[in-house]
Amino acid sequence: MSKINVLIAIILSSAALQASAADTYPTKPVRAIITFPPGSATDIIGRVVGQKLTEYWGQTVVADNRGGAGGVIGSQVVAQSAPDGYTLLINSNAHVVNPSIYAKLPYDTMKDFTNIAPLVSAPNVLITAPSNKVKTVGELVADAKARPGKINFASAGVGSGTHLSLEKFKMMAGVNVTHIPFKGTGEAIIDVLAGRVEYYFVPISAGIGYIKDGKVRALAVSTIKRSPQLSNVPTVAEGGVKGYDSGLWFALWGPAKMPAALVEKIWKDTDRALSSPDVMERMNNLAALPLHMKPAEFSQFVASEIADTAKVVKAAGIKPQ
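Owing to the predicted nature of the structure, the values given are computational and were not obtained by experimental measurement. (Residues numbered from 1 in each chain as written. Predicted model: local features only at pLDDT ≥ 70, side-chain atom pairs only at ≥ 80, totals over all residues. Heavy atoms only, no water.)

Draft legend 1. Structural detail: the layout of surface pockets. Each pocket or cavity is described by its volume, and for the largest pocket that value is around 510 Å³. A per-class count over the lining of the largest pocket returns 15 nonpolar, six polar and four charged. (1 Å grid on protein atoms, 1.4 Å probe; cavity = no way out; pocket = protein on both sides within 12 Å on 5 of 7 lines; lining within 4 Å. Points joined across faces, edges and corners; volume = space filled by probe spheres on them. Nonpolar A, V, L, I, M, F, W, Y, C, P; charged D, E, K, R; others polar.)

Draft legend 2. Spatial organisation of the nonpolar core. By size, the foremost hydrophobic cluster in this structure holds 56 residues, and its most contacted members are Ile116, Val125, Tyr200, Ile266 and Met283. Setting aside residues up to four positions removed in sequence, Tyr200 forms contacts with Val125, Leu126, Ile127, Ala154, Ser155, Ala156, Thr162, Thr185, Ala188, Ile189 and Val192. Val96, Trp253, Val302 and Val312 belong to the second largest nonpolar core, which has 25 residues in total. (Core = buried A, V, L, I, M, F, W, Y, C linked by side-chain atoms within 4.5 Å. Buried < 20%, exposed > 50% of the residue type's maximum accessible area, 1.4 Å probe, protein only. Contact = heavy atoms within 4.5 Å.)

Draft legend 3. Expanded view of the packing of aromatic side chains. Scanning all chains against the criterion turns up 14 aromatic pairs. Among the aromatic residues, those joined into a cluster by ring pairs are Phe153, Phe169, Tyr199, Phe201 and Tyr244. Above the plane of the ring of Tyr86 lies Lys28, whose end atom (NZ or CZ) is 4.7 Å from the centre. Sitting over the face of the ring of Tyr56, Arg272 holds its NZ or CZ atom 3.7 Å from the ring centroid. (Phe/Tyr/Trp six-rings, centres within 6.5 Å; stacked < 30°, edge-to-face > 60°. Lys NZ or Arg CZ within 6 Å of the ring centre and 35° of its normal.)

Draft legend 4. Representation of the pattern of salt bridges in the model. All told, the structure shown has 13 salt bridges when counted by the stated rule. Notably, a salt bridge pairs Asp278 with Lys52, separated by 3.0 Å at the nearest N-O pair. Of this pair, Asp278 sits in helix α10 (residues 277-285) while Lys52 is found in helix α2 (residues 41-57), placing the two residues 226 residues apart along the sequence. On the basis of relative accessible area, Asp278 is assigned to the partly exposed category, the value being 40%. Judged by relative accessible area, Lys52 falls into the buried class, the value being 8%. A salt bridge links Arg226 to Glu238; the shortest N-O distance between them is 2.9 Å. Of this pair, Arg226 sits in the loop between β8 (217-221) and β9 (247-255) while Glu238 sits in the loop between β8 and β9, placing them 12 residues apart in sequence. Residue Arg226 is classed as partly exposed on the basis of its relative accessible area of 39%. For Glu238, a relative accessible area of 48% puts it in the partly exposed group. (Salt bridge = Lys/Arg side-chain N within 4 Å of Asp/Glu carboxyl O. Helix = DSSP H or I, 4+ residues; strand = E, 2+ residues; numbered from the N terminus.)

Draft legend 5. How the structure looks around the pairing of strand β2 (residues 61-65). Sheet analysis places strand β1 (residues 30-34) next to β2, joined by five bridges and oriented parallel. Bridge pairing in β2 links Ile34 to Asn65. Where the polypeptide runs from β1 across α2 and back to β2, its parallel neighbour, the crossover connection is right-handed. (Pairing = 2+ DSSP bridges. Right-handed = clockwise from strand over helix to strand, strands pointing away.)

Draft legend 6. Helix α4 (residues 94-101), seen in detail. Taking burial as the measure, the eight residues of α4 include seven buried ones, the bulk of the element. Listing the buried residues of α4 in full gives Ala94, His95, Val96, Val97, Asn98, Ser100 and Ile101. Packed against the buried residues of α4 are α3 (72-79), β3 (87-92), β4 (113-128), α6 (161-173), β9 and α11 (295-316).

Here it is in structure tokens:
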């Protein structure tokens, strides 16, 4: 047998083994690293999808919250894991923000991950405590301009989607407010409830319960269109910051160099989960819109989001940490 024939035989044999492994995957529990703490939007969305995949696979998808540094800590764990599909990453669009926020990351966002599947998109909601006299975006902008640097805004961490929404607001409204980063949404909401921080662009899935219970006041949603779940809440643009549009999205990644057949298997099952009636109902209740892209399309989307976010970060004058 010639060397070329031997090489072809090896390649075909390897491909067959990979396909066989993908067909039987998973044969043990799968660890899903969630990059923000329990109660965060990333956690809520990730657990809904993880529960459905557990049902499909007959193996538990174990949620492992590794919050901190705007998702960097959890992402590093996955970047350094074996590409066998048993350690996956559930993150928000903080994943594409961090390359512009941090001067040096412990991984390469483009090279050290496999882009598997987007999950959902959703708006943030600008909230404040009911005791705050400010009731509209217009009143907030006027107050911020009258007291530059005196008003506090929380975020779920430097580089998080909530941070990006804040920076876009500052830039487009022409205001100077103080950014207070937390380790996650849960801590940020607690301080808003207590009045220690005045405002927060909370992910709608994490904040909608507090809003409907009257524990916080919703001033506006961050997307260009109103949310059907909060139809009486105007958009930031309607409040006077023309053209403002800043939402969140969440997705599933794996370590780099995962076999193509395995990526295809996980993507198909994830996409099927997002189309299942019970998950769709749950996502609708969370005001989250399922996203459907094949891995190649999702990879292009991630690259474009990194480039677009870098422009926003530069224009907003955010300094790398």
